[in-house]
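For reference, the chains in residue letters:
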Amino acid sequence: MAEFQQRGEDLENDSAECRRLLEEAQGRLAYLEERRKECGGGDQELEAELKKTQGEVKKLEKDERSFEKLIKEHQKEEKKLPWNVDTISKDGFSKSVFNIKPATKEEPKEEKVETHETFGEKYGKEIKHFGMLRRWDDSQKYLSDNPHLVCEATANCLVVICIDFEIDEKHALMEQVAHQAIVMQFILDLSRAMKVDPRGCFRLFFSKIKTADKPYLDAFNHELELLKERVRSCARVRMENAMKEVEEEEKRQKRLGPGGLDPVEVYESLPKEMQRSFDEKNIQLLQEAINRMDPEEGKYHLKRCIDSGLWVLDSEDQDGEDEDEDGEED
């Protein structure tokens, strides 16, 4: 009986660890996808990391389904057990199977809602404070007081803060926060190597880095320089994209017609025959196309052409239009 209970506890623990790893991988995947959008693609290192993370998420999702199936099978077996001293006196029996199941289902739902963005909103001030710490001892103490920050989401948020600082040309602050982002990344790497929760090994990292030999420090500084270069690259791309958007909007504003409409947008909305008349600069073809339309539709398109500057009225056309408006009022 004790062996059966131990098996159930092991399944629950393994399932919880699988969920934790899956949520961490999903957060990392969301961040990498965001970085790819910001950087505009073309970064081979980023693409490789993205592909690797997608594979991790897929495998962990499969593992999670397997654990859920095994736990259900174990619970079915548990129901069939005869009532005796062992089953009645064990801790979980008083709760019943129906009370146990919702607890394992509800927690992941609440945790999954806490995506990269919501985590940053919830703990933004704490993450930024950690990013400004300069001494190893201060960083270790702060994480001891705030162990919930020892996770992948914090590392992601720190990188976003770096990019924002670089865009604002606050280069020294960017480099400071980048240092702390690598600190968090090294803690996460150590936890993966040891196969333990990062909250349980961050003190080991600080003990190691404070007495580290040259190769370890060189590796740390190398990763730091790589991160700073990636941050600068992403910031440049974002600024270039922002400038392009501003330039496009300025061009659009300049080409607006007398009625405030964009001639490019109006042209693309016209029927094919009217577009062809503008392409060929053929007034007769335009008039024939309008005459073949329903009067209201023709008037609608003509007005938009005038308001956008596609059609420039001469004095006779203007007089004719004024007469039409006066006739409608009468």
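Residues numbered from 1 in each chain as written. Predicted model: local features only at pLDDT ≥ 70, side-chain atom pairs only at ≥ 80, totals over all residues. Heavy atoms only, no water.

Before we move on, could you go through the packing of aromatic side chains and cite the residues and values that matter?
If you walk through the whole model with that rule in mind, you get eight aromatic pairs. An aromatic cluster is present here, built from Trp-136, Phe-186, Phe-205, Phe-206, Tyr-216 and Phe-220 joined pairwise through their rings. (Phe/Tyr/Trp six-rings, centres within 6.5 Å; stacked < 30°, edge-to-face > 60°.)

Pulling in residues and values, what's your account of helix H10 (residues 214–255)?
Relative to the 62 Å expected for 42 residues at 1.5 Å per residue, H10 spans 61 Å between its end C-alpha atoms, a close match to the ideal helical length. Of all the residues in H10, the buried ones are Tyr-216, Phe-220, Leu-224, Leu-227, Lys-228, Val-231, Cys-234, Ala-235 and Val-237. The N-cap residue of H10 is Asp-213: its side-chain oxygen and the backbone nitrogen of Tyr-216 are 3.2 Å apart. (Helix = DSSP H or I, 4+ residues; strand = E, 2+ residues; numbered from the N terminus. Expected span 1.5 Å × (residues − 1). Buried < 20%, exposed > 50% of the residue type's maximum accessible area, 1.4 Å probe, protein only. Polar contact = N/O pair within 3.5 Å; in protein donor to acceptor, adjacent residues only side chain to side chain.)

Tell me about the nonpolar core, and name the residues and values.
Core analysis: the biggest nonpolar cluster contains 43 residues, and Phe-119, Ile-127, Phe-130, Leu-143, Ile-187, Phe-205 and Phe-206 have the highest contact counts within it. Only helix H5 (116–131), helix H6 (136–145), helix H7 (152–167), helix H8 (171–194), helix H9 (202–210) and H10 provide two or more residues apiece to this core. Excluding residues within four positions of it along the chain, Ile-187 makes contact with Leu-143, Val-150, Pro-198, Cys-201, Phe-202, Phe-205 and Phe-206. Residues Ala-25, Leu-32, Leu-50 and Ile-71 belong to the second largest nonpolar core, which totals 12 residues. (Core = buried A, V, L, I, M, F, W, Y, C linked by side-chain atoms within 4.5 Å. Contact = heavy atoms within 4.5 Å.)

Give me the lowdown on the pattern of salt bridges, citing residues and values where you can.
Under the counting rule described, the total for this entry stands at 20 salt bridges. With a closest N to O distance of 3.1 Å, Lys-141 and Asp-145 form a salt bridge. Here the residue Lys-141 and the residue Asp-145 both occupy positions in helix H6, the gap between them amounting to four residues, near one helical turn. When its relative accessible area of 54% is taken as the criterion, Lys-141 is described as exposed. (Salt bridge = Lys/Arg side-chain N within 4 Å of Asp/Glu carboxyl O.)

Pulling in residues and values, what's your account of the environment of Arg-276?
Its place among the elements puts Arg-276 in helix H12 (residues 272–279). Here Arg-276 falls in the partly exposed class, since its relative accessible area comes to 41%. As for Arg-276 and Leu-286, which are separated by 10 residues in sequence, their C-alpha atoms are 8.2 Å apart.

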